[in-house]
Amino acid sequence: MDVIRIEGGHPVTGEVSVEGAKNSALKLMAATILAPGVSTLTNVPNISDVHVMGKVLKRLGASVEVLGPHSMNIDTSDVDKWETPYELVAKMRASTAVLGPLVARFGHAVVAMPGGCQIGARKIDMHILGLEALGVKFDIDHGYIHASAPDGIKGAMVTLDFASVGATENLMMASVHAEGVTTIDNAAREPEIVDLANLLNEMGAKVSGAGTPVIEVEGVPGDLHPVAHEVVGDRIEAGTFLAIGALTGAPVRVNGFEPRHLGLVLKKFEQMGCTVERGVRTCQVSRSGPIRPVDIQTLPFPGFPTDMQAQTMCVLAMAAGESIVTENVFENRFMFASELDRMGADITIEGHHALVHGVSSLSGAPVKAPDLRGGASLVMAGLVAEGFTTVSNVYHIDRGYEGYVDKLVSLGAHIERHSVPDDEEDQD
Ligand code: EPZ
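Residues numbered from 1 in each chain as written. Predicted model: local features only at pLDDT ≥ 70, side-chain atom pairs only at ≥ 80, totals over all residues. Heavy atoms only, no water.

## Observations regarding the sheet that holds strand S24 (residues 414-419)
Within the open sheet, the 4 strands sit side by side as S22-S23-S1-S24. Their pairing is mixed. Each end of this open sheet is capped by a strand with a single partner; those strands are strand S22 (366-368) and S24. Across this sheet, the average inter-strand angle for adjacent strands is 25°, counted without regard to direction. Across 6 bridges, the pairing between strand S1 (residues 2-7) and S24 is antiparallel. Bridge assignment links Ile 4 to a residue of S24, and that residue is Arg 417. (Pairing = 2+ DSSP bridges. Helix = DSSP H or I, 4+ residues; strand = E, 2+ residues; numbered from the N terminus. Axes fitted to C-alpha atoms, helices over the stretch in contact; angles between N-to-C directions.)

Below, the structure is given as structure tokens:
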């Protein structure tokens, strides 16, 4: 297994470009099921979750041809199976994104129930309730969800209890051939939802309202047609590197994403005393004075993104004062804080709230990545900690960050990745 070792205290500054968004690419890949033929996706991040989604599609009978590090052809002409096995869903919850497309194209889907993960129960009850409103029948048997639409899919009004990203996506994809119009109320508004809606419309679907709380899908007859589509830039990867600019103060510029997709995050960086320079598909963050404490509440977009909670908490851990971070989206997304405390941070967890009492310095230590964003944030902490930090369980980071260490080296970080014998590697 690999570990990442960082020597803190060296200047980290310069310019990086981010990849396509993990949280869009995975769903765009699933959506190609709706369009028999060869679709081409570009600006696809070269990360392990994308490789797993490729395996899911191949298990269904699709062919996935990697054209280069960031582009692929997906041919779904011969998709003839409808089952997504547990070992793939357990590896990656986003595998459930094939549920909607399979039901829309074939009227059947068998998807393993996703287990919980480090950050929460990750249920899919809203997916199921919404699809049932469209006429989909469900049986849950031996840990698998058997979905079928014996009488076809009928357009309906669906109101989500919570603006769930995954439920919104599955409902959009499931309703592209529904009889009549489907309205999704309290829909998720994330930029990745808009990217998926754009792809579906390019394929011949009729989706309107993406990016607003009310999405309408007018069912169209016959299959959708394959397209070429570029994945939207990854706002969370961008936010991670910009948070490094907030943390160390030295300017970090990030290219390849839309700053408006990080609206509230950048506003919070400014409240923390940072200088934020927004441009077209580029943004720079720097800081000269002390980090000012601010309060953060994670919420669905355009609220503060939960996927930027750990990175921002890392910056607040060195603020001149106390901040309160409230996690409203997941029930267990503070494990990063307990690892950061081992590096000298002073964070107290009270239910959904973390009280972050800023400290003047952190000290390097061996720490364990608890999840994708927590792992990336522990590496961030290592950049400013005194001495050496070793982050293990880095496979979490590989799920969503392409070339994280290389990009940090290009910014001047003293960081390297190496293998250690398995017995030295803590297991989750
Ligand atoms: C997506 O997860 C992202 N993953 C997550 O990013 C992101 O944190 C999340 O959206 C919120 O923005 C991908 O896109 C692959 P939800 P998703 O459905 O779709 C509960 C990262 O680090 N819920 O909006 O699973 C759920 O348990 C990852 O890149 C139900 O209870 O998120 C969670 O507490 C982490 N029942 C909350 O709602 C349901 O049927 C939000 O979930 C669905 C969700």
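## Notes on the packing of helix H10 (residues 309-316) against helix H12 (residues 372-384)
Interhelical geometry of H10 versus H12 gives an angle of 25° and a closest axis separation of 8 Å. When the axis of H10 is compared with that of H12, the two are roughly parallel. In the crossing of H10 with H12, the sense of the turn from one axis to the other is right-handed. Contacts from Ala 310, Gln 311, Cys 314 and Val 315 of H10 reach H12 at Arg 373, Gly 374, Ser 377, Met 380 and Ala 381. Tallied by class, residues from the contact of H10 with H12 come to 5 nonpolar, 3 polar and 1 charged. (Parallel < 35°, antiparallel > 145°, perpendicular 65-115°, else oblique. Left-handed = near helix turned anticlockwise from the far one by under 90°. Contact = heavy atoms within 4.5 Å. Nonpolar A, V, L, I, M, F, W, Y, C, P; charged D, E, K, R; others polar.)

## Quick notes on the environment of Gly 245
Its location among the elements puts Gly 245 in helix H8 (residues 235-248). Judged by relative accessible area, Gly 245 falls into the buried class, the value being 0%. Residues contacting Gly 245, with those up to four places away along its chain left out, are Ala 250, Val 252, Val 285, Ser 286 and Arg 287. (Buried < 20%, exposed > 50% of the residue type's maximum accessible area, 1.4 Å probe, protein only.)

## Re the site of the ligand
Taken together, 24 residues form the shell around the ligand, and within it Arg 93, Asp 125, Met 126, Asp 307 and Val 329 come nearest. In this structure, an oxygen atom belonging to the ligand sits 2.8 Å away from a side-chain N or O atom of Lys 27. Arg 333 places a polar side-chain atom, nitrogen or oxygen, 3.2 Å from an oxygen atom of the ligand. For the ligand, the protein covers 89% of the area, taking 820 Å² as the surface of the free molecule. Its residues placed into classes, the shell around the ligand shows 9 nonpolar, 5 polar and 10 charged. (Near = heavy atom within 4 Å. Polar contact = N/O pair within 3.5 Å; in protein donor to acceptor, adjacent residues only side chain to side chain. Areas by Shrake-Rupley, 256 points an atom, 1.4 Å probe, with all protein chains shown as cover.)

## What about the sheet that holds strand S5 (residues 71-75)?
Spatial strand order, S4-S5-S3-S14: 4 strands in an open sheet with mixed pairing. Pairing within the sheet leaves two strands with one partner each, and these edge strands are strand S4 (63-68) and strand S14 (228-230). Going across the sheet, the axis of each strand differs from the next one's by a mean of 20°, ignoring polarity. Two strands pair when backbone bridges link them, and strand S3 (residues 38-42) and S14 are joined in this way by 3 bridges, in the parallel orientation. Bridging across to S14, Thr 42 finds its partner in Glu 230.

## Notes on the packing of aromatic side chains
Following the criterion strictly, the structure yields 3 aromatic pairs and no others. Between Tyr 401 and Tyr 404, the ring centres sit 5.0 Å apart and the planes meet at 40°, which makes this aromatic pair tilted. Considered together, Tyr 401 and Tyr 404 belong to a single accessibility category, that of buried residues. Clustering of aromatic rings is evident, with ring pairs tying together Phe 241, Tyr 401 and Tyr 404. Sitting over the ring of Phe 388, Arg 5 keeps its end group 4.1 Å from the ring centre. (Phe/Tyr/Trp six-rings, centres within 6.5 Å; stacked < 30°, edge-to-face > 60°. Lys NZ or Arg CZ within 6 Å of the ring centre and 35° of its normal.)

## Considering the packing of helix H1 (residues 22-31) against helix H2 (residues 48-59)
Contact geometry for H1 and H2: axes closest at 10 Å, N-to-C directions at 10°. When the interaxial angle is binned, H1 and H2 end up roughly parallel. Of the residues in H2, those touching H1 at Lys 22, Leu 26, Met 29 and Ala 30 are Asp 49, Val 50, Met 53, Gly 54 and Leu 57.

## Some words on the side chain of Thr 240
Turning to its location among the elements, Thr 240 is positioned in helix H8. Within the structure, the side chain of Thr 240 is placed 2.7 Å from the backbone oxygen of Ile 236, a separation counted as a polar contact. In contact with Thr 240, not counting residues within four places along its chain, are Met 308, Gln 311, Ala 376, Met 380, Tyr 401 and Tyr 404.

## Thoughts on the nonpolar core
Core analysis: the biggest nonpolar cluster contains 76 residues, and Val 98, Met 172, Leu 200 and Leu 224 have the highest contact counts within it. The greatest single-element share of this core, amounting to 6 residues, is contributed by H1. Filtering out sequence-adjacent residues up to four positions away, Val 98 remains in contact with Ala 30, Ile 33, Met 53, Val 56, Leu 60, Thr 84 and Val 111. The next biggest cluster of nonpolar side chains, apart from the first, holds 71 residues, and it includes Val 285, Val 294, Leu 362 and Ala 365. (Core = buried A, V, L, I, M, F, W, Y, C linked by side-chain atoms within 4.5 Å.)

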